[in-house]
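# Notes for the structure review
So you can see what is in the structure, the chains are spelled out below.
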Amino acid sequence: IYREAKKPDRVVQLDKLSIAQGQEELLALDGHGKVNAFPLSLKGEVGPLKSLLSARDMRLAIQMSLGKLALDVKGVIGRLDPLDGAALTLKVEQPEVGAVLKALDLPVIATGPVQVDTRLKDVGALTQLDLNLTVGDLKASANGTLKTLSLVGSNLKFEATAADAARRVRHARANDA
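What counts, and where the lines are drawn
- Residues numbered from 1 in each chain as written.
- Predicted model: local features only at pLDDT ≥ 70, side-chain atom pairs only at ≥ 80, totals over all residues.
- Heavy atoms only, no water.
- Core = buried A, V, L, I, M, F, W, Y, C linked by side-chain atoms within 4.5 Å.
- Buried < 20%, exposed > 50% of the residue type's maximum accessible area, 1.4 Å probe, protein only.
- Helix = DSSP H or I, 4+ residues; strand = E, 2+ residues; numbered from the N terminus.
- Contact = heavy atoms within 4.5 Å.
- Patch = residues over 30% accessible without salt bridge, like charges linked within 9 Å, V, L, I, M, F, W, Y side chains within 5 Å.
- Areas by Shrake-Rupley, 256 points an atom, 1.4 Å probe, with all protein chains shown as cover.
- Salt bridge = Lys/Arg side-chain N within 4 Å of Asp/Glu carboxyl O.

### What about the nonpolar core?
Counting residues in hydrophobic clusters, the biggest one holds 10 residues: Met-58, Val-73, Ile-77, Leu-83, Ala-86, Leu-88, Leu-120, Leu-129, Ala-142 and Leu-146. Put simply, the parts of the chain that give this core at least two residues each are strand E5 (69-79) and strand E9 (138-146). Here Val-73 is in contact with Leu-60, Ala-61, Ile-62, Leu-88, Thr-89 and Leu-90, once residues within four sequence places are set aside. Residues Val-92, Ala-110, Val-114 and Val-135 belong to the second largest nonpolar core, which totals 7 residues.

Shown next, in the form of structure tokens:
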């Protein structure tokens, strides 16, 4: 339970989580529960255990959902720090983010469908990042290279566009008042 003054509690409830031996020394994960009223599910494989403990040569294939939000992560990471040997994809989809933000009692900073498509790829001493995000009529991207997960030594280009940016700024100012 997460408690914030003058706000309803946020409750994460894990009804089931099983971790079993999967294929090729991977750990098979299967679980479900809820976050507030949103159903939560998790299924996939990670590992091998020795790799997870050493944070090297990790493989993962995980599908997770929270309500209608779907997350799919697949790939490998050779090393976390410095980031090396990555070949990873992450996809996120949600048909209407505004209702979710409101139900979680968070500021509704955007409405409409959400789509995130991210790829990490090893390019020698660095890791190529290609991230594309769409939320309704907002579009954002981050492209370039990473040296570590902390962004130190990174070379990234960020872009963002909105179909009606002036309306969004007026809306944000009205909500701040």
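Next comes the rest of the description.
### Re a nonpolar patch on the surface
There is a patch of nonpolar side chains on the surface, built from Leu-14, Leu-17 and Ile-19 and spanning about 300 Å² of accessible area. Relative to the helices and strands, Leu-17 resides in strand E1 (residues 12-21).

### Describing the pattern of salt bridges
Applying the stated criterion across every chain, the model contains 7 salt bridges. Across the pair Lys-74 and Asp-72 runs a salt bridge, and its minimum N-O distance is 3.8 Å. A salt bridge links Asp-117 to Lys-91; the nearest nitrogen and oxygen atoms lie 3.6 Å apart. Of the two residues, Asp-117 is situated in strand E7 (residues 114-123) and Lys-91 in strand E6 (residues 87-94); the sequence distance between them amounts to 26 residues. A single salt-bridge network, built from bridges that share partners, covers Lys-16, Asp-30 and Lys-43.

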